Amino acid sequence: MVTVLMAIYQGERYLEQQLDSILAQTVPVRIRISDDGSDDRSREILENYRAWYPDQIILDHRNRLTGSDITRVPAPAQNFFWLMERERETGESDYIMLSDQDDVWCNDKVRRQLARMRRLESETAKECPILLHSDMEVIDASGEEIHPSFFQYQGCSPARTSLAEVLVENPVTGGAVMMNRSLLSLAGKIPEACCMHDWWLALAASAFGIIDWVERPLSQYRQHGGNALGARQAGGLGSLRLLAERLGRNTEVRGNYLRMMNQALAFGKRYGEYLEPDQKEVLRAFLELPGQNPAQRLRNIARHGFIKNSRLQTIAMCVTIPERRQQAGRGTGQDGCGMNSTREEHAPVGTGKEATEETGRS
């Protein structure tokens, strides 16, 4: 069985079209949905669909308590982590997919990704954490094509799957993700900090499992004014114009890098003791970047492979990462990467490092 996790907020405009596209899949699926406090017609739409498809639609809304949310985790990511935790606790599906509320799936998306996932498991081991994603067609608010390939439009390479590369740039888009249950278990509860849920999943899969992709676009990725995050044409991503623009958005760029560092710290605290020695060195070196001058950063980036999709963006890191007098990792463990932090209640599965009692489950 495949379970689709869908996080909703103010989704009435496109929600029915997306639900219809998922329910029309050639492989049967269940859809577990959490609405995060919408005050539009989203909940009314969801209740209607549950009445029409009681065996496929599960409404499992997150309870948002004022002042209790983790402020260093964006609200959409918190909603997805809630769904993942609920699926770990009460679900039985071997494979889990993530869905945005405003995209449209091709009717063979689940079948094609499921076939690829099972092939990967046969080549490795079923307990190996696997993240599988696909290309997407980029469309506008009315459904007209902007570009036939998200990978090409963004100028991003899905082959960038090393831990060093994933630390500096997210290679996956949440709405394109399928994971096996091993990765779901590995992801654990909501972290202390992360940039987005899909980036956290990519870090875990890069360190302890596999990230793979389907070259064929299997969904339509809609761009509109309400996107939490969106696609940006590669025409400017690697240009001098964009570099100048980034330098002009100094406060925003600094904030993004601070979130990246906080995410890496949280990742080190949770998984540090399970990383291989070379992975620990990569994480430690990444966390040292804020305390280095531009020349030191350049050497560090070149040595450890902290490479973004664009060469200019990679070089820009040398001057746009916020400086810190102390190492970014200080206070999170003896070595700054959480390597000696308190042991988490779960360990990575499929790596020979399972916790004896929890076997990777949180």
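Residues numbered from 1 in each chain as written. Predicted model: local features only at pLDDT ≥ 70, side-chain atom pairs only at ≥ 80, totals over all residues. Heavy atoms only, no water.

Draft legend 1. Region of interest: the pairing of strand E2 (residues 29-35). Within E2, seven of the seven residues are buried, leaving the element largely enclosed by the surrounding structure. Of the two faces of E2, the one lined by Val29, Ile31, Ile33 and Asp35 and the one lined by Arg30, Arg32 and Ser34 are each fully buried. (Buried < 20%, exposed > 50% of the residue type's maximum accessible area, 1.4 Å probe, protein only. Helix = DSSP H or I, 4+ residues; strand = E, 2+ residues; numbered from the N terminus.)

Draft legend 2. Up close: the pattern of salt bridges. Scanning the model with the defined rule gives 17 salt bridges in all. Of the charged contacts in the structure, one is a salt bridge between Glu89 and Arg86, with a shortest N-O distance of 3.4 Å. Placement of the pair is Glu89 and Arg86 together in helix H3 (residues 75-90), with a separation of three residues, close to one helical turn. We classify Arg86 as partly exposed; its relative accessible area is 23%. Among the ionic pairs, Asp108 bridges to Arg216, the shortest N-O distance being 4.0 Å. Here Arg216 lies in strand E9 (residues 210-222) and Asp108 lies in the loop between strand E5 (104-105) and helix H4 (109-123), a separation of 108 residues in the sequence. One connected set of salt bridges, linked through shared partners, spans Arg30, Arg32, Asp60, Arg86, Glu87, Glu89 and Arg181. (Salt bridge = Lys/Arg side-chain N within 4 Å of Asp/Glu carboxyl O.)

Draft legend 3. Looking closely at helix H13 (residues 294-304). Those residues of H13 that sit buried are Arg297, Asn300, Ile301 and His304. With its buried residues spanning 100° around the axis, H13 presents them on a single face. Of the exposed residues in H13, those oriented more than 90 degrees away from the buried face are Arg299, Ala302 and Arg303. On its buried side, H13 packs onto helix H6 (163-168), helix H12 (277-288) and helix H14 (311-320). A positive backbone phi angle near 80° is found at Gly305, which sits one or two residues after H13. (Arc of directions from axis to C-beta. Contact = heavy atoms within 4.5 Å.)

Draft legend 4. Structural context of the nonpolar core. Ranked by internal contacts, the top residues of the largest apolar core, which has 59 residues, are Leu167, Met179, Phe267, Phe286 and Phe306. Residues within four places of Met179 in sequence aside, it is in contact with Met84, Asp94, Tyr95, Ile96, Leu98, Met117, Ile130, Leu184 and Leu201. (Core = buried A, V, L, I, M, F, W, Y, C linked by side-chain atoms within 4.5 Å.)

Draft legend 5. Structural context of unusual backbone geometry. Within the chain, Gln10 stands out as a residue other than glycine whose phi angle is a positive 50°. Position of Gln10 among the secondary structure elements: in the loop between strand E1 (2-8) and helix H1 (12-23). For Gln10, a relative accessible area of 33% puts it in the partly exposed group.

Draft legend 6. Structural view of the packing of aromatic side chains. Throughout the structure, instances matching the rule amount to eight aromatic pairs. Ring pairing ties together the aromatic residues Trp200, Phe208, Phe267 and Tyr271, which thus form one cluster. The residue whose ring lies beneath Lys109 is Trp105, and the NZ or CZ to ring-centre distance is 4.9 Å. (Phe/Tyr/Trp six-rings, centres within 6.5 Å; stacked < 30°, edge-to-face > 60°. Lys NZ or Arg CZ within 6 Å of the ring centre and 35° of its normal.)

Draft legend 7. Representation of the packing of helix H11 (residues 250-271) against H12 in the model. Two numbers describe how H11 lies on H12: the axes approach to 10 Å, and their chain directions differ by 150°. You can see that H11 and H12 cross each other, and the crossing is left-handed. For the pair formed by H11 and H12, the contact residues are Met260, Met261, Ala264, Leu265 and Gly268 on the first element and Leu283, Phe286 and Leu287 on the second. A breakdown of the residues in the contact of H11 with H12 according to their chemical character gives seven nonpolar, one polar and no charged. (Axes fitted to C-alpha atoms, helices over the stretch in contact; angles between N-to-C directions. Left-handed = near helix turned anticlockwise from the far one by under 90°. Nonpolar A, V, L, I, M, F, W, Y, C, P; charged D, E, K, R; others polar.)

Draft legend 8. Region of the structure containing the confidence of the model for the chain. Per-chain confidence: the chain averages 87 in pLDDT, with 81% of residues scoring 70 or above. Within the model, pLDDT remains below 50 along residues 327-334, and this stretch shows 16 contacts once partners closer than five positions in the same chain are excluded. Here residues 340-346 is a poorly scored stretch, pLDDT under 50, and it has 26 contacts once near neighbours within four places are set aside; other chains count. (pLDDT = per-residue confidence, 0-100.)

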